[in-house]
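# Observations on the model geometry
Residue strings, one per chain:
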Amino acid sequence: MRSRLPWQARLLARRLEGSIRERLPRLEGSPPAHFEGEALSYRLEGETLEVCLHRGPCNEIGTTTLEELEQLAALLRAGAGGARAMILHSTEPKGFCAGADLRELQAGLGLHRERGSSRWVAAGQVRGFIDRIHAVFDTIDMAPITTIAALHGFCFGGGFELALCCDLRIADKSTRFAFPELRLGLVPGFGGIPRLARDLGNGVVRDLLLTGRSLSAKRAHEVGLISQLVGRGESLRVARLVAEQAARFDPRTTAAAKRFAKPLPREALEREKDLFIELMASPVVEAALRKFVESDDLRPYLP
Amino acid sequence: MNKTELIDRLMELAAKRFDKDAEALDPQGDFFELLGIDSFQAMELLTDLEEAFDVEIPDYELQGVNTFLGLAEIIERRL
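Residues numbered from 1 in each chain as written. Chains lettered and ligands numbered in written order. Predicted model: local features only at pLDDT ≥ 70, side-chain atom pairs only at ≥ 80, totals over all residues.

### Focus: the overall build of chain B
Rules: Per the convention used, a helix needs a DSSP run of H or I reaching at least four residues, while a strand needs a run of E reaching at least two, with both numbered from the N terminus. In this setup the radius of gyration rests on C-alpha atoms only. A globule is expected at 2.2 Å times the number of residues raised to 0.38. In this scheme the burial state of a residue depends on its C-beta neighbours within 10 Å: 20 or more other such atoms mean buried, 12 or fewer mean exposed, and anything in between means partly exposed; the C-beta positions come from the backbone. By definition, residue pairs are in contact when their C-beta atoms, positioned from the backbone, come within 7 Å.
Counting its secondary structure elements, chain B contains four helices and zero strands. In sequence order, the secondary structure elements of chain B are arranged as α-α-α-α. The C-alpha radius of gyration of chain B comes to 11 Å, within 12% of the 12 Å expected for a compact globule of 79 residues. With respect to the principal axes defined by its C-alpha atoms, chain B has extents near 25 × 25 × 20 Å. The buried share among the 79 residues of chain B stands at 22%. Considering only residue pairs separated by 6 or more positions, chain B has 55% of its internal contacts joining residues 24 or more positions apart.

This is how it looks when you write it as C-alpha cells:
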C-alpha cells in the first residue's frame, strides 16, 4: 500500500518515522539533560550541553567525580538531550583539572595494607576504577557531536586525559599541560598516551611522559595540542562561539566526519590499562603516593 | 637587559601576581616563603615568567631553585 502513496507522502512518512525513532529513547526514561552534582553539573544551553566541573581544590577525579561522569556518559549515549555540541569547563580558579584524586587512591591502597591484602588485590580494585573511567572517557571521545574543552590553569594527568577526549581544546594563557605520572612510578592510566599520540604523534608523548615537564598554553598551541589560544578568562566565551558554529552543520555529517577523522585507538587503550595496573602493584607507587600525601613541603613535588 | 634589571622585573611580576610589595622582596630570599606560595602557585608564576620573557622553562630546571636570583639565572640562559 505504502508504495502507492505519492512520493511526497512517502518522504513525509520516512521523516516522521526517523523523527519518532530519534525521540523515542528520550521519551523512554533517558537521563535528563540537567544535573547538579557534587563534582560537576550540566545543562542544555540552547543546542549546547555545558558541563561544568566544580569540585575543589582543582577537580581531582575520584569516585564521586567518576559516578557523576557516568551519568553524563549515559546522557551522551542516549542522544545528549538533543545537544549538537558539548563544552567541558571548570569554575575552579586553580584550573580545569589537576588529575586523579591521589589522596583517595593512597587511602584505598592504605586500607588494603591495613587489611593485609596484597598489592595485587589493591591493583585489582584499581582495575575496576580504570575500566569505568575508560568507559566514560571513550563515550565522550566518540560522542557523535562536537565536543570542546574550555581550559584554564592546571590541566594535569587525568585532567589532561579528559581534555584529550574532546575534539577541540581552547585554552587561555594560564593553562599548563603535564603528565606527571612518572613521578609516582606510574604512566597515565585514563587513556592519555594513545589519545595524545593519535592527535600529535609519539614525539610529544615522549617529551611530556619521560620528563614530566609541563607545557604552557603558548607552547601547546605551537605543537597543535590546542586549537585556539585565548586571553585569560576567555576560554568559555570562545568555546560557546565554536559550539554555535559547530551546531550550524548537519548533525549526521558532523557525526560521520568525526567517525572518520577521530578513530578510537582501542588496542593501545587496552594496553595502556594493562601497563597501568601492572605498575600500580609496584611498591614504588605506594611509597611515592605516601610521600605526596604526607608531605607538607610547599615546594613542587619532585622525586 | 642585565641581570639586575632581570631580577627587578622578575620580582615585580611575582609581586603583582601574588599581591605583594615588590620592595619587600629580596633577590636572595626564599621566594616560596617571601610570597607565601605553594607548588600550585609556583606553576602560575612559571607561566607568567615564560609569557613575560618569551622563554620556555622546563619544570625540572627549577628543582632546588628557591631564590629570585636562581630564577633569573635560569631565564638568562634561555634569553
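### A look at the sheet that holds strand β7 (residues 154-156) of chain A
All names here are of chain A. The condition is simple: A pair of strands is labelled paired if DSSP reports no fewer than 2 bridges between them. Whenever a helix is involved, its axis is fitted only over the stretch in contact; in every case the axis is a line through C-alpha atoms, and angles between N-to-C directions fall within 0 to 180 degrees.
Strand order in this open sheet of four strands is β5-β7-β9-β10, and the pairing throughout is mixed. Strand pairing shows two members of the sheet lacking a second neighbour, β5 (95-97) and β10 (214-216), which therefore form its edges. Neighbour-to-neighbour, the strand axes of the sheet open up by a mean angle of 20 degrees, direction not taken into account. Here β5 pairs with β7 via two bridges, running parallel. Directly across from Cys97, in β7, lies its bridge partner Cys155.

### Description of the nonpolar core
This is how the line gets drawn: Nonpolar cores are built from buried Ala, Val, Leu, Ile, Met, Phe, Trp, Tyr and Cys residues. These are joined into a set through C-beta atoms within 7 Å.
Of all hydrophobic cores here, the largest spans 75 residues; its most connected members are Met86 and Ile148 of chain A. A total of six residues in this core trace back to one element, the largest contributor, which is helix α4 (residues 119-142) of chain A. Excluding anything up to four places from it in sequence, Ile148 of chain A contacts Ala85, Ile87, Cys166, Asp167, Leu168, Ile170, Ala239, Val242 and Ala243 of chain A. Within the second largest apolar cluster, 14 residues are counted, among which are Ala14, Ile57, Leu71 and Ile75 of chain B.

### Considering the pairing of strand β2 (residues 40-45) of chain A
All names here are of chain A. Where strand β1 (residues 35-36) meets β2, two bridges bridge the pair, whose relative direction is antiparallel. Bridged to Glu36 within β2 is Ser41. Where β1 hands over to β2, the hairpin turn is made up of three residues, counted between the paired strands. In this sheet, strand β3 (residues 48-53) lies alongside β2 in antiparallel orientation, the contact comprising six bridges. From the neighbouring strand, Arg43 faces β3, where its bridge partner is Glu50.

### A few points about the confidence of the model for chain B
The line we're drawing: What pLDDT reports is the predictor's confidence in each residue, on a scale of 0 through 100.
Per-residue confidence for chain B gives a mean pLDDT of 91; residues scoring 70 or more make up 100%. In the model output, the complex is listed with pTM 0.87 alongside ipTM 0.87.

### What about the interface of chain B and chain A?
Selection criterion: Any residue that is not Ala, Val, Leu, Ile, Met, Phe, Trp, Tyr, Cys, Pro, Asp, Glu, Lys or Arg is counted as polar, Gly included; the first ten are nonpolar and the last four charged.
Counting residues at the interface gives 16 residues for chain B, matched by 15 residues for chain A. It is helix α3 (residues 39-53) of chain B that provides the largest number of residues to the side of chain B that touches chain A, a total of seven residues. Partitioned by chemical class, the residues of the side of chain B that touches chain A number seven nonpolar, four polar and five charged.

### Overview of the sheet that holds β1 of chain A
If you walk across this open sheet you meet the seven strands as β1-β2-β3-β4-β6-β8-β11 (chain A), and the pairing is mixed. Every interior strand has two partners, whereas the edge strands, β1 and β11 (228-230) of chain A, have only one.

### Remarks on helix α6 (residues 192-200) of chain A
All names here are of chain A. By the burial criterion, the buried members of α6 are Gly192, Ile193, Pro194, Arg195 and Leu196. Next to the buried residues of α6 lie α5 (157-165), α7 (202-211) and α11 (266-280). Gly201 sits one or two positions beyond α6 and adopts a positive phi of about 95 degrees.

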